[in-house]
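# Reading the structure
Residues per chain, in single letters:
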Amino acid sequence: MKKATSGAQTSYANLEVYNMTKETIFECVIGAERYKHFIEVISEANPETSMTIGPEGINVRRMDPSHVVLVDAILPAHIFSEYKLRQEVSLGLDLENVQKFLKRASKDSILVFKVDKETTDKGDKFVPSWKTCAKNTREYIGVDEDMYGDKIKTPKIFTDVKVVLDVKELVKSIEDVELVSDHVTFEANDKFWLKGGTDSKVNVHYETGDPTLFEFVASRTAEATYNITYLKSLLKVVKDRVCLEFATNIPLVMKFDVADGGEAIYILGPRVEREKQ
């Protein structure tokens, strides 16, 4: 038995020795900026998330802690410059540190996302890591947080209205309504309206032909109210245009592109007024 360099006796009597093998079961390569956008989107609803890596791509489906917002996002395998998968894997991740690491990556960085499987006498353990490569290389090694929770299915929501709008224009209109209310009412008839307020009121409308309204279809009139704080928080990760689908007093379905090839869906619960007794 060797002595420690400090002169103190080091005991290995309680050290548990076990065999370990390590193999890479997943590795992909993508531009860091594109992957960063994906992480921003899925973190907005809940930074503690479950990520499934399969042959079709990387998928995240998660509720926020208050169960008001559901996120369903996918980066399809075909948008990666490399995508090598030996077995499907689910990881429980706390993405806060991953986001901080990715923020330090330059815009021209290439990201290598890898998952190793460590097999020991006690079982298997998955070790995710993120490495950015540009003028120099940085690596962040994470841990599988084992916080998968119950598997969530994206609900089928039947809507009567579809609106595709420039996201900056939408946010500006929501902020107009925010001057008088914490909630905004989406209304569709022959036009698409954003309304709010009781004593003081703000009404904004769009109609076919407006340059920032790319599509507007309403099979019937509809009206639903949503929390502005949630809406603004979710919309800040949308880069270009957003698709809104809704019907009277049902959840809002927001769809938009992620990382130039992926897709994300946010489902936001409505604010429903209780009937007075």
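Everything discussed here concerns the structure shown above.
The notes below deal with the structure included here. (Residues numbered from 1 in each chain as written. Predicted model: local features only at pLDDT ≥ 70, side-chain atom pairs only at ≥ 80, totals over all residues. Heavy atoms only, no water.)

Turning our attention to the overall build of the protein chain. Secondary structure summary: the protein chain contains four helices and 18 strands in total. Of all 277 residues assigned to the protein chain, the portion counted as buried reaches 45%. Looking at the protein chain alone, contacts between residues at least 24 apart form 66% of all its contacts between residues at least 6 apart. Within the structure as shown, the protein chain displays about 15,900 Å² of accessible surface, and the carbon and sulfur contribution to it stands at 45%. (Helix = DSSP H or I, 4+ residues; strand = E, 2+ residues; numbered from the N terminus. Buried < 20%, exposed > 50% of the residue type's maximum accessible area, 1.4 Å probe, protein only. Contact = heavy atoms within 4.5 Å. Areas by Shrake-Rupley, 256 points an atom, 1.4 Å probe, with all protein chains shown as cover.)

Turning our eyes to something else, we now look at the environment of Ser106. Within the fold, Ser106 resides in the loop between α2 (96-103) and β7 (110-120). Residue classification places Ser106 among the partly exposed residues on the basis of a relative accessible area of 31%. Taking the C-alpha atoms as reference, Ser106 lies 8.2 Å from Glu33; in sequence the two are 73 residues apart. A polar atom in the side chain of Ser106 sits 2.7 Å from the side chain of Asp108. Here Ser109 takes part through its side chain, which lies 2.8 Å from a polar atom of the side chain of Ser106. (Polar contact = N/O pair within 3.5 Å; in protein donor to acceptor, adjacent residues only side chain to side chain.)

With that out of the way, let us pick up the packing of aromatic side chains. Overall, the coordinates contain 14 aromatic pairs when judged by the stated rule. Ring plane angle 75° and centroid distance 5.7 Å describe the contact between Phe26 and Phe113, whose orientation is recorded as edge-to-face. Of this pair, Phe26 sits in strand β1 (residues 20-31) while Phe113 sits in strand β7; the two residues are 87 residues apart in sequence, bridging distant segments of the chain. The burial state of Phe26 is the same as that of Phe113; both residues are buried. Where Tyr35 meets Phe38, the ring centres are 6.2 Å apart and the plane angle is 50°; that geometry is what we call tilted. Taken as a pair, Tyr35 and Phe38 lie in helix α1 (residues 32-45) at a separation of three residues, close to a single helical turn. Assigned by exposure class, Tyr35 and Phe38 land together as buried. Members of the aromatic cluster, connected to one another through ring pairs, are Phe26, Tyr35, Phe38, Phe80, Tyr83, Phe101, Phe113, Trp130 and Tyr140. A cation sits over an aromatic face here: Lys195 above Trp193, 4.9 Å from the ring centre. One Lys or Arg, Arg241, reaches over the ring of Phe214 and ends 3.6 Å from the middle of that ring. (Phe/Tyr/Trp six-rings, centres within 6.5 Å; stacked < 30°, edge-to-face > 60°. Lys NZ or Arg CZ within 6 Å of the ring centre and 35° of its normal.)

Quick look at the nonpolar core now. Core analysis: the largest hydrophobic core is formed by 73 residues, its most contacted members being Tyr35, Phe38, Met51, Ile58, Phe113 and Phe246. Counting residues per element, this core draws most heavily on α1, which supplies seven residues. The residues contacting Ile58, other than those within four sequence positions of it, are Phe26, Tyr35, Phe38, Met51, Thr52, Ile53, Ala73, Ile74, Leu75, Phe80, Tyr83 and Phe113. Counting five residues, the second-largest nonpolar core is a separate cluster that includes Met63, Leu70, Ile265 and Ile267. (Core = buried A, V, L, I, M, F, W, Y, C linked by side-chain atoms within 4.5 Å.)

Here we take up the sheet that holds strand β12 (residues 192-196). Spatially, the four strands line up as an open sheet ordered β13-β12-β11-β15, and their pairing is antiparallel. Strand pairing shows two members of the sheet lacking a second neighbour, β13 (202-206) and β15 (222-227), which therefore form its edges. Across the sheet, the axes of successive neighbouring strands diverge by a mean angle of 20°, strand direction being ignored. In terms of strand pairing, strand β11 (residues 183-188) meets β15 through six bridges, oriented antiparallel. In the sheet register, Glu187 faces β15, and the bridge partner there is Glu223. Against the sheet, helix α4 (residues 228-235) contacts β11 and β15, and its axis sits at roughly 80° relative to β15. (Pairing = 2+ DSSP bridges. Axes fitted to C-alpha atoms, helices over the stretch in contact; angles between N-to-C directions.)

Secondary-structure assignment places Asn59 in strand β3 (residues 57-63). Here the side chain of Asn59 touches Asp72 through a polar contact of 3.2 Å, side chain to side chain. Among residues more than four places away in sequence, those in contact with Asn59 are Ser50, Met51, Thr52, Asp72, Ala73 and Ile74.

In this section: the sheet that holds strand β10 (residues 161-166). In spatial order, the strands read β6-β2-β3-β4-β18-β17-β16-β10-β14; together these nine strands make up an open sheet with antiparallel pairing. Edge positions in the open sheet fall to β6 (89-94) and β14 (213-218), since each of these has one partner strand only. When strand polarity is set aside, the average angle formed by the axes of neighbouring strands in this sheet is 15°. Where strand β2 (residues 48-54) lies against β6, six bridges are found, and the strand directions are antiparallel.

Looking now at the packing of α1 against α2. Following both chains from N to C, one finds α1 and α2 inclined at 150°, their axes separated by 10 Å at the closest point. Looking at the two axes, α1 sits roughly antiparallel to α2. As for the relative orientation of α1 and α2, their crossing is left-handed in sense. Judged by residue contacts, Tyr35, Lys36, Ile39, Glu40 and Ser43 of α1 engage Gln99, Leu102 and Lys103 from α2. The residue inventory of the contact of α1 with α2, partitioned by class, reads three nonpolar, two polar and three charged. (Parallel < 35°, antiparallel > 145°, perpendicular 65-115°, else oblique. Left-handed = near helix turned anticlockwise from the far one by under 90°. Nonpolar A, V, L, I, M, F, W, Y, C, P; charged D, E, K, R; others polar.)

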